[in-house]
Amino acid sequence: MRIYLTLFLVIVWTFLILVPLKTYAEDETFTCKPVVAGMPKKDGGFYVEDLHDESTPILDIIPDNQFRLVGEDKNVYFKNNSSRKFEVLVPYERISDIKEIREIQEGLSSWDDIISLENFRTYYLKYFGDDGSESLKRISINEKNTRTAILTVPMADYPSYFTLFNCKSDYVKESIPADFPDNPFNKIS
């Protein structure tokens, strides 16, 4: 009887250990740093600043953000600074039947040419700021997950603006360099 009980406990423990490991192994988080920002000017043109410009007043205040791909369906979660929690992004396909969203998508599609982001997936987020402000964020992520473009449309009387981010995976396997000593009595630990 002990053998069966021990075998049962080993199987249960194995299941309890391996299932959570598999769940977390498929999540992937990316950290994104702003490199280009801009907004429309009153004359119909665009004000654009690049990370390499001398003066970057917009880029200086935009925080790094993160997005996370979760599960087999690759659900996307987003947070625009370290003090916030991850929020779920809604794919455009799910809300494309809403007239207002289609109009916003059509209106902002000309901004995609400025940002030059190709092969991307588009998501929307109704964003509530810590100060009580509200805006709609249109977040586009390229298929390699290396670039993100965020177009922000404030609900208050503020101008819309866009930001382009370069993203890197937070989980990167890097080799650890080791110097092999000439002395055979020295150990590498």
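What comes next concerns the included structure. Since the structure is predicted, the reported quantities are computational estimates derived from the model, not experimental observations. (Residues numbered from 1 in each chain as written. Predicted model: local features only at pLDDT ≥ 70, side-chain atom pairs only at ≥ 80, totals over all residues. Heavy atoms only, no water.)

1. Structural notes on the pattern of salt bridges
Next up, step 1: Taken as a whole and assessed by the stated rule, the structure comprises four salt bridges.
Next up, step 2: The shortest N-O distance in the salt bridge between Glu 134 and Lys 126 comes to 3.3 Å.
Next up, step 3: Judged by relative accessible area, Glu 134 falls into the partly exposed class, the value being 28%.
Next up, step 4: Note on Lys 126: relative accessible area 48%, which makes it partly exposed. (Salt bridge = Lys/Arg side-chain N within 4 Å of Asp/Glu carboxyl O. Buried < 20%, exposed > 50% of the residue type's maximum accessible area, 1.4 Å probe, protein only.)

2. Examining the nonpolar core
Next up, step 1: Within the largest apolar cluster, 19 residues are counted, with the highest numbers of intra-cluster contacts made by Phe 67, Val 76, Leu 89 and Ile 139.
Next up, step 2: The set of elements that each furnish at least two residues to this core consists of β1 (28-40), α2 (57-61), β3 (65-70), β4 (75-79), β7 (120-128), β8 (134-142) and β10 (161-169).
Next up, step 3: Apart from residues lying up to four places away in sequence, Val 76 is in contact with Phe 67, Arg 68, Leu 69, Glu 87, Val 88, Leu 89, Tyr 123 and Ile 141.
Next up, step 4: Val 36, Leu 108, Leu 151 and Phe 162 belong to the second largest nonpolar core, which has seven residues in total. (Core = buried A, V, L, I, M, F, W, Y, C linked by side-chain atoms within 4.5 Å. Helix = DSSP H or I, 4+ residues; strand = E, 2+ residues; numbered from the N terminus. Contact = heavy atoms within 4.5 Å.)

3. Quick notes on the state of the cysteines
Next up, step 1: Under the counting rule described, the total for this entry stands at one disulfide.
Next up, step 2: The side chain of Cys 32 participates in a disulfide bridge whose partner is Cys 167; the two sulfur atoms lie 2.1 Å from each other. Judged by the torsion about the S-S bond (110°), the Cys 32/Cys 167 disulfide is right-handed. One end of the pair, Cys 32, is in strand β1; the other, Cys 167, is in strand β10, and 135 residues separate them in sequence. Comparing Cys 32 with Cys 167, the two get one shared label, buried. (Disulfide = S-S within 2.5 Å.)

4. Quick word on the pairing of strand β9 (residues 147-154)
Residues in a regular strand project their side chains so that they alternate between the two faces of the sheet.
Next up, step 1: Within β9, six of the eight residues are buried, leaving the element largely enclosed by the surrounding structure.
Next up, step 2: Pairing of β8 with β9 involves seven bridges; the strand directions are antiparallel. Note on β9: the bridge partner recorded for Arg 138 is Leu 151.
Next up, step 3: The pairing of β9 with β10 spans six bridges and is classified as antiparallel. Bridged to Thr 148 within β10 is Phe 165.
Next up, step 4: Where β9 folds back on β10, the antiparallel hairpin that results is connected by six residues. (Pairing = 2+ DSSP bridges.)

5. Considerations on the environment of Thr 148
Next up, step 1: Relative to the helices and strands, Thr 148 resides in strand β9.
Next up, step 2: Its relative accessible area of 1% is what places Thr 148 among the buried residues.
Next up, step 3: Expressed as a C-alpha distance, the spacing of Thr 148 and Asn 166, which sit 18 residues apart in the sequence, is 6.6 Å.
Next up, step 4: Here Thr 148 is in contact with Cys 32, Phe 67, Ile 139, Ser 140, Ile 141, Thr 163, Leu 164, Phe 165 and Cys 167, once residues within four sequence places are set aside.

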